[in-house]
Each structure stands twice: as C-alpha cells, then as structure tokens.
Amino acid sequence: MTRREEHQTKHRRVVEYMESHALDAVVLAQRPNFAWYTAGGLNHVGTADSTGIAALLITRERTICLTNNIEAPRLADEELADLDIEVKAASWFDEGALKRLWLAEVGGLRTACDVPFPALPGGVCCLDTDFATLRWVMTEGEIRRYRILARDVAECLEVACGQAEPGMTEFGLAARIAQTALAKGIRTPVLLVAADDRIRHYRHPIPTGRVFERYGMGVLGGERHGLTVSVTRLFSFGPIDPELRRKHEAVCRIDAAMMAATRPGKAMGEVLAVAQEVYAQQGFTDEWTFHHQGGLTGYLGREIRVAPGCLIAIQGHQVFAWNPSIAGTKSEDTLLVGPGRNEILSLTGGWPTMPFAVQGQQYCRCCVREL
C-alpha cells in the first residue's frame with residue numbers, strides 16, 4: 001500500500017463517517033488526526049501544541065488544507081505533495097482574511113471539527129468522540145511503519161541505557177536518549193529517567209540531576225509519522241538485587257499474561273482483570289492501583305487507558321502498550337494484535353529477555369540488564 005493509497009483509504013473512512021452522522025464536511029486540526037489522515041504528515045511547529053497550524057477541510061469530493069502563508073510552502077512541498085490535497089493560505093497577519101477563506105470554503109455545508117478555533121465560521125459543531133475510533137485499526141502501511149519505528153525506538157533507548165554508568169545524572173542519560181532518537185527522526189513526547197530509589201517512589205519520574213548509583217530505568221515514548229511507540233528498560237550496575245529480581249520477574253509475568261489476553265473480541269477490561277489476578281498471584285495485589293496499566297496506542301501515547309470494566313472490544317491490527325509496574329520496576333513494550341498471534345514490535349534482540357509461556361505461546365519480556 002502506497003502513501004497515496006493509504007490516504008484514499010482514510011478518506012473513504014471519513015466519508016462513511018460523514019454519511020452516518022449527517023455531515024457534509026469534517027475539519028481536522030488536531031495533530032493526531034492530521035497525521036492519521038495524511039499517512040504521516042505533520043501540521044505542527046511547537047511540539048507541545050496538540051492543535052496544529054494547518055487544518056484539513058474534508059468533503060466527499062476533495063480535501064483542502066487551510067493555513068497561513070508562513071506554513072503553506074513547507075506543507076505543500078514536504079507533507080502533502082503526493083496526496084492531491086490543495087493548500088490554501090491567508091497572510092499570517094490578516095486574521096480577517098483567514099476567516100473569510102474558511103467561510104468561503106465551508107459555506108452552507110453541515111460541518112464538524114475535531115477542535116474549535118477562531119477562524120471557523122459560526123455553526124461549525126464539534127465532532128463526536130467516536131471519530132477517534134477511525135484511527136484505532138492500522139492499515140498495511142501503518143503496520144509497516146510501526147514495525148520499523150518500534151525497533152528504532154527500542155534501539156535508541158537500549159543503546160543509551162547501555163552507556164549509563166555510576167555517577168551519570170538522570171539529565172545526562174535523558175540527553176543521550178533524546179540525541180539518539182532525534183538522529184533517527186524520532187520525537188520524544190515522553191522521556192522518563194530514574195535512578196535507584198526514585199524508581200520505587202515515582203511511577204512517572206521526570207529526569208532530574210540525581211546521580212546513578214546502583215540501578216536505573218529509562219522510558220521512551222517515541223513518535224514518528226504521527227505514530228507512537230512506548231518502551232521501558234531497566235539496568236543494574238553489577239549483580240541485580242535479589243528483591244528487584246523477584247519483583248521484576250513478577251511484573252514480567254503480569255505483562256506476558258496481559259499480552260496473551262489481548263485478542264480480538266476480548267474487552268479491554270478483561271485484560272485488566274487478568275492483570276489483577278496475576279498481580280495477586282505474585283503477591284502484589286494492590287500494586288495495579290498505583291499506576292495506570294496502559295492500553296490502546298496509535299496516534300496518541302494512549303488512545304484508551306484501560307480501566308476496570310472497560311467494554312471496548314479489541315480488534316485485529318490494533319496496537320497496544322501495556323505497562324504493569326511494581327514499586328521499583330516496570331515492564332513495557334509495544335504489541336501488535338495479529339490475526340493468528342500477537343507480535344511484540346519493540347524487541348530488538350539486543351537486550352536480554354526471559355520467556356514466559358502463556359496459553360501455549362511464549363512471550364519474551366525484557367530483563368533488568370547487568371552493565
């Protein structure tokens with residue numbers, strides 16, 4: 001599937017959505033939706049902004065991109081060139097011109113947007129939350145990009161963590177991870193690093209100046225072409241503490257059980273119920289309550305975070321990132337739900353693993369690596 005063919009597939013999905021929701025047009029300005037619809041195009045400048053600087057107006061017949069004259073050349077040349085999406089622009093300093101441009105294009109169309117912004121004409125409503133479900137099942141092209149990205153993200157994290165040493169700061173390791181990732185065109189919306197007891201105390205350890213002494217953890221949520229991959233790796237300087245080894249084996253068993261339970265037709269809440277059972281079997285009954293357990297991923301780090309009783313059904317060609325944790329350790333990789341069996345996308349072969357047999361299949365989980 002070419003990028004152009006993938007875009008055409010996405011257009012058909014949006015048209016079907018419009019028909020079922022009595023709409024003539026859809027406006028997409030949020031970064032995940034723009035990247036999804038354009039098969040990896042980017043509409044942002046600031047990486048912290050969830051809404052881009054360009055928006056797509058999609059009708060049954062065509063798609064146009066509306067933006068300002070600063071962004072139009074790059075969008076046309078680098079993001080949309082092969083997709084038959086016309087770019088229209090107004091001067092960046094003329095807010096009235098941009099409003100008139102939108103009014104001329106939207107006209108009397110029944111239109112809904114993924115996020116409201118000032119240039120939109122009155123009468124444009126917000127899309128229902130179910131629009132996000134269009135992103136959840138991956139196309140052939142997205143799966144191909146996911147396989148490459150997952151390996152790259154994991155390799156970046158593993159290479160950097162493999163270079164950690166006592167006396168290095170969390171900031172220093174975070175800088176190495178970010179540098180390695182950016183060199184491969186991977187942005188780092190989530191980058192967590194923890195040394196020693198910070199792993200036990202904090203489930204989301206933002207990097208600090210703390211110095212590594214005995215062991216550490218690196219967490220990378222990497223994004224490229226709009227797709228996201230989540231990976232965690234732990235390492236120890238010298239022999240692994242027996243208590244840490246026991247906890248890590250337990251959390252890996254939980255992760256393997258969750259991966260095995262992630263099959264088409266199952267409700268996401270059923271996977272969490274399996275995790276809760278294994279937490280208890282391993283002697284850590286309440287640990288799941290101290291950190292979310294992950295969920296469906298794709299064009300957001302977590303499209304859906306699983307919660308007790310979640311009835312959303314798992315489908316084939318969806319991607320999940322579960323992240324069970326016990327104070328001091330965690331297990332996390334990115335998983336594709338295949339037609340016959342699941343595929344852990346972010347295993348590189350360069351980090352030690354241990355196999356866990358679940359329902360007749362083996363799931364390799366990453367060890368705490370001795371450096």
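Residues numbered from 1 in each chain as written. Predicted model: local features only at pLDDT ≥ 70, side-chain atom pairs only at ≥ 80, totals over all residues. Heavy atoms only, no water.

Asker: How do you make sense of the side chain of serine 331 when you look at a structure like this?
Answerer: With respect to the secondary-structure elements, serine 331 resides in the loop between strand S14 (329-330) and strand S15 (335-336). A distance of 2.6 Å separates a polar atom in the side chain of serine 331 from a polar atom in the side chain of aspartate 255. Here the side chain of serine 331 touches arginine 365 through a polar contact of 3.4 Å, side chain to side chain. For serine 331, the residues in contact, after removing those within four places along its chain, are Val251, Cys252, Asp255, Trp322, Asn323, Pro324 and Arg365. (Helix = DSSP H or I, 4+ residues; strand = E, 2+ residues; numbered from the N terminus. Polar contact = N/O pair within 3.5 Å; in protein donor to acceptor, adjacent residues only side chain to side chain. Contact = heavy atoms within 4.5 Å.)

Asker: It is not clear to me how the pairing of strand S2 (residues 51-59) should be interpreted in this structure. Could you clarify?
Answerer: On any regular strand, side chains alternate: one points to one face of the sheet, the next to the other face. Of all nine residues that make up S2, seven are buried, and the element is covered over most of its length. Bridge count between strand S1 (residues 25-30) and S2: five bridges; the pairing is antiparallel. Within S2, the residue paired with valine 26 across the bridge is isoleucine 58. Taken together, S2 and the strand that follows it, strand S3 (residues 63-68), pair antiparallel across an intervening segment of three residues. (Buried < 20%, exposed > 50% of the residue type's maximum accessible area, 1.4 Å probe, protein only. Pairing = 2+ DSSP bridges.)

Asker: Sorry if this is basic, but what is going on with the sheet that holds strand S8 (residues 215-224) here?
Answerer: Adjacent strands of a sheet form backbone hydrogen bonds with each other and so pair up, either parallel or antiparallel. Strand order in this open sheet of four strands is S7-S8-S9-S19, and the pairing throughout is mixed. Only two strands of the sheet have a single neighbouring strand rather than two, namely strand S7 (187-195) and strand S19 (368-370). Within the sheet, the average angular offset between the axes of one strand and its neighbour, ignoring direction, is 20 degrees. Bridging between S7 and S8 involves seven bridges; their strand directions are antiparallel. Within S8, the position partnered with leucine 191 by the bridge is leucine 220. Running at roughly 150 degrees to S7, helix H6 (residues 170-182) makes contact with S7, S8 and strand S9 (227-236) of the sheet. (Axes fitted to C-alpha atoms, helices over the stretch in contact; angles between N-to-C directions.)

Asker: How should the side chain of asparagine 342 be read in this particular structure?
Answerer: Tracing the chain through its elements places asparagine 342 in the loop between S15 and strand S16 (343-344). Separated by 2.6 Å, the side chains of asparagine 342 and arginine 263 make a polar contact.

Asker: I would appreciate a short explanation of unusual backbone geometry in the present structure.
Answerer: Both trends apply: most residues other than glycine have a negative phi, and most peptide bonds are in trans. A positive phi is found at alanine 39, a non-glycine position, where the angle reads about 55 degrees. As for its position among the elements, alanine 39 is in the loop between helix H2 (31-37) and S2. With a relative accessible area of 6%, alanine 39 lands in the buried category. One non-glycine residue, aspartate 196, adopts positive backbone phi at about 50 degrees. On the secondary structure map, aspartate 196 appears in the loop between S7 and helix H7 (197-201). Take aspartate 196: its relative accessible area is 6%, and that puts it in the buried class.

Asker: Teacher, can you tell me more about the environment of threonine 262 here?
Answerer: Along the polypeptide, threonine 262 turns up in the loop between helix H8 (242-261) and helix H9 (268-281). The class of threonine 262 is buried, set by a relative accessible area of 0%. Expressed as a C-alpha distance, the spacing of threonine 262 and valine 319, which sit 57 residues apart in the sequence, is 9.8 Å. Each residue touching threonine 262, except ones within four places of it in the same chain, is listed here: Val271, Ile314, Phe320, Trp322, Leu335, Val337 and Asn342. A distance of 2.6 Å separates the side chain of threonine 262 from the backbone oxygen of methionine 258, its partner in a polar contact.

None of the figures reported here should be taken as evidence of function without further support.
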